[in-house]
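Descriptive analysis of the structure
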Amino acid sequence: MRKTILAGVLAMMGAGLSWPAMAICPHTKVTDLSATCLDKSCPPGLQAYWATIVNRYPYKLYITYAFRSGKRQKQIIPGGLELQPNSEISQPIGIGRTLLPEEPHKRRVGRLRILECGVDPKIKYKWRRR
C-alpha cells in the first residue's frame, strides 16, 4: 500500500516538473530551441526557428507539434516532422518575425510542444486538419 501511494506521488511530482510532451511521446526530448536572423537586421527581419529533438526510439517517428514563438502565445506555428531513429538533429520548425525572448533554457525549450507522435506517417500532417 505504501509503495503504491509513494509511486503515485512521485509520478505526480514528475509530471508537474517534466516537459509536457513526455507523457505523449516518451522517446523524444527537446534539447535546444533557437532562432537565426535571415535578414540584414532583426527585428523586424525574418527569423528561422530551429529545434533539436532527440529520438531515442529505434524506428522513425512522425510528430505533430505546436511552436509558440512570441510572448504570451501571440503566434503559434503548427507543423509536423519526421525524426530518424536514434538521432539528435537540429531541424527547422518555422519562420516568423518574432525574436525568441531571452529566458532560461527550460522555459525556451518549453515553447515547442509535441502534440502527437508515432510510427504512422499520417501523424506528420495532422496539424493541417486543425
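Residues numbered from 1 in each chain as written. Predicted model: local features only at pLDDT ≥ 70, side-chain atom pairs only at ≥ 80, totals over all residues. Heavy atoms only, no water.

Quick look at the pairing of strand E2 (residues 47-55)
How we decide: Between buried and exposed lies partly exposed: a residue is buried under 20% and exposed over 50% of the maximum accessible area for its type, with that area taken using a 1.4 Å probe on protein chains only. Numbering goes from the N terminus for both helices and strands, where a helix is a DSSP run of H or I of at least four residues and a strand is a run of E of at least two. The rule for pairing is simple: two strands pair if DSSP sees at least two bridges between them.
Counting buried positions along E2 gives eight out of nine residues, so the element sits mostly inside the fold. Sheet topology places strand E1 (residues 28-37) next to E2; nine bridges connect them, and they run antiparallel. From the neighbouring strand, Thr36 faces E2, where its bridge partner is Ala48. Pairing between E2 and strand E5 (residues 87-96): nine bridges, direction antiparallel. Pairing of Val54 across the sheet is with Glu88, part of E5.

Brief notes about the state of the cysteines
This is how the line gets drawn: The criterion for a disulfide is a pair of cysteine sulfur atoms lying within 2.5 Å.
In this structure the tally under the stated criterion is two disulfides. Linked covalently through their sulfurs, Cys25 and Cys117 form a disulfide whose S-S length is 1.9 Å. The chirality of the disulfide connecting Cys25 with Cys117 is right-handed, given an S-S dihedral of about 105 degrees. With Cys25 in the loop between helix H1 (2-17) and E1 and Cys117 in strand E6 (residues 112-118), this residue pair connects regions lying 92 residues apart in the sequence. Cys117 carries the same exposure label as Cys25, and that label is buried. There is a disulfide in this structure between Cys37 and Cys42, and the S-S distance comes to 2.0 Å. Judged by the sign of its S-S torsion, about 80 degrees, the cystine formed by Cys37 and Cys42 is right-handed. On the basis of relative accessibility, which here comes to 32%, the residue Cys37 falls in the partly exposed class.

Remarks on the sheet that holds E1
As a reminder, the rule being used: Axis definition: a line fit to C-alpha positions, over the contact stretch in the case of helices; interaxial angles, taken between N-to-C directions, run 0 to 180 degrees.
Strand order across the open sheet formed by three strands is E1-E2-E5, with antiparallel pairing between neighbours. Both edges of this open sheet fall to E1 and E5, since each of them pairs with a single strand only. Strand-to-strand, the axes of this sheet are offset by a mean angle of 25 degrees, without reference to chain direction.

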